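# Fold and geometry: a report
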Amino acid sequence: MLAWESLSLLDYEEINYPVLRELLKDYANPDEAIASLVSRGDLIRVCRGWYVRGERLRKRPVSGRYLANMIYSPSFISLEFALAHHGLIPERAHTVTSVASRPSRTIDTPLGRFSYRHVSDEFFVGGMDRCAPESGPPFFVATPERALADTILAAKGWTPRNTVDCEQWLFDNLRIDPEDFRRLRHDELRAFAERFGSRKIGRIAELLASMSAAPARNDARNDARNNARNERRERT
């Protein structure tokens, strides 16, 4: 059996080096067979130790979310990409952002950029879900509250002084819809504020609690803000 025929037998697109070696073990030199597949375009090297099938042999789209978990682990998707995944911000995140217990790192690949922000071991666990799509492998992603908490912590140059600062950062800078924000769990966000010892997360949690307790506002101020936000979205 030719190398590309062996490759086509796999049920998944994302392949690590040990699997390739096992798949091509009958070849005198499996590494040469791998190099040949890469040169033919039947195999694409994503980064050290990870490959995906070329378009000619591909059975489904490659899962960048799964690869984000695997090429630098332990890690899980969080920050802006997770916010977009949950529909909280517009799909503008071209970099797959994650948090990891390893040192911060950015990995550029033929499939795009993967960025990892370091968090300590004590803060790494918690606030993530296992997502199992109908097509493709499962991956781990932060809950909406954890993704927002990580994004707040990553905003090094931002220190809110009052509620207006929080609203501007959330609704104008991040462009989170106020009604989507209201649906988050303020107790979860408050728990992250206490766990991370973050006053910034605490302020956002207080704002969320007050908005969740109050009826939705449809005053002129909110209408003007929503109109401005929609105009910016149309321009991007």
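Residues numbered from 1 in each chain as written. Predicted model: local features only at pLDDT ≥ 70, side-chain atom pairs only at ≥ 80, totals over all residues. Heavy atoms only, no water.

## Quick notes on the packing of aromatic side chains
Enumeration according to the criterion identifies 7 aromatic pairs in this entry. On the basis of an interplanar angle of 55° and a centroid distance of 4.9 Å, the ring pair of tyrosine 72 and tyrosine 116 is categorised as tilted. Residue tyrosine 72 is located in the loop between helix 4 (64–71) and strand 4 (75–77), and its partner tyrosine 116 is located in strand 7 (residues 112–118); the two are separated by 44 residues in the primary sequence. Like tyrosine 116, tyrosine 72 is buried. A centroid spacing of 4.4 Å and a plane angle of 15° characterise the contact between tryptophan 158 and tryptophan 169, whose relative ring orientation is stacked. Taken together, the residues tryptophan 158 in the loop between helix 7 (144–154) and helix 8 (163–173) and tryptophan 169 in helix 8 connect sequence positions 11 residues apart. Assigned by exposure class, tryptophan 158 and tryptophan 169 land together as buried. (Phe/Tyr/Trp six-rings, centres within 6.5 Å; stacked < 30°, edge-to-face > 60°. Helix = DSSP H or I, 4+ residues; strand = E, 2+ residues; numbered from the N terminus. Buried < 20%, exposed > 50% of the residue type's maximum accessible area, 1.4 Å probe, protein only.)

## Considerations on the pattern of salt bridges
The tally for this structure, following the rule as stated, stands at 12 salt bridges. The closest approach of N and O atoms between aspartate 42 and arginine 40, which form a salt bridge, is 3.1 Å. A salt bridge links arginine 183 to aspartate 180, with the nearest nitrogen and oxygen atoms 2.4 Å apart. Residue arginine 183 is classed as exposed on the basis of its relative accessible area, which comes to 60%. Since its relative accessible area comes to 22%, aspartate 180 is described here as partly exposed. Linked by salt bridges that have partners in common, Arg40, Asp42 and Arg56 make up one network. (Salt bridge = Lys/Arg side-chain N within 4 Å of Asp/Glu carboxyl O.)

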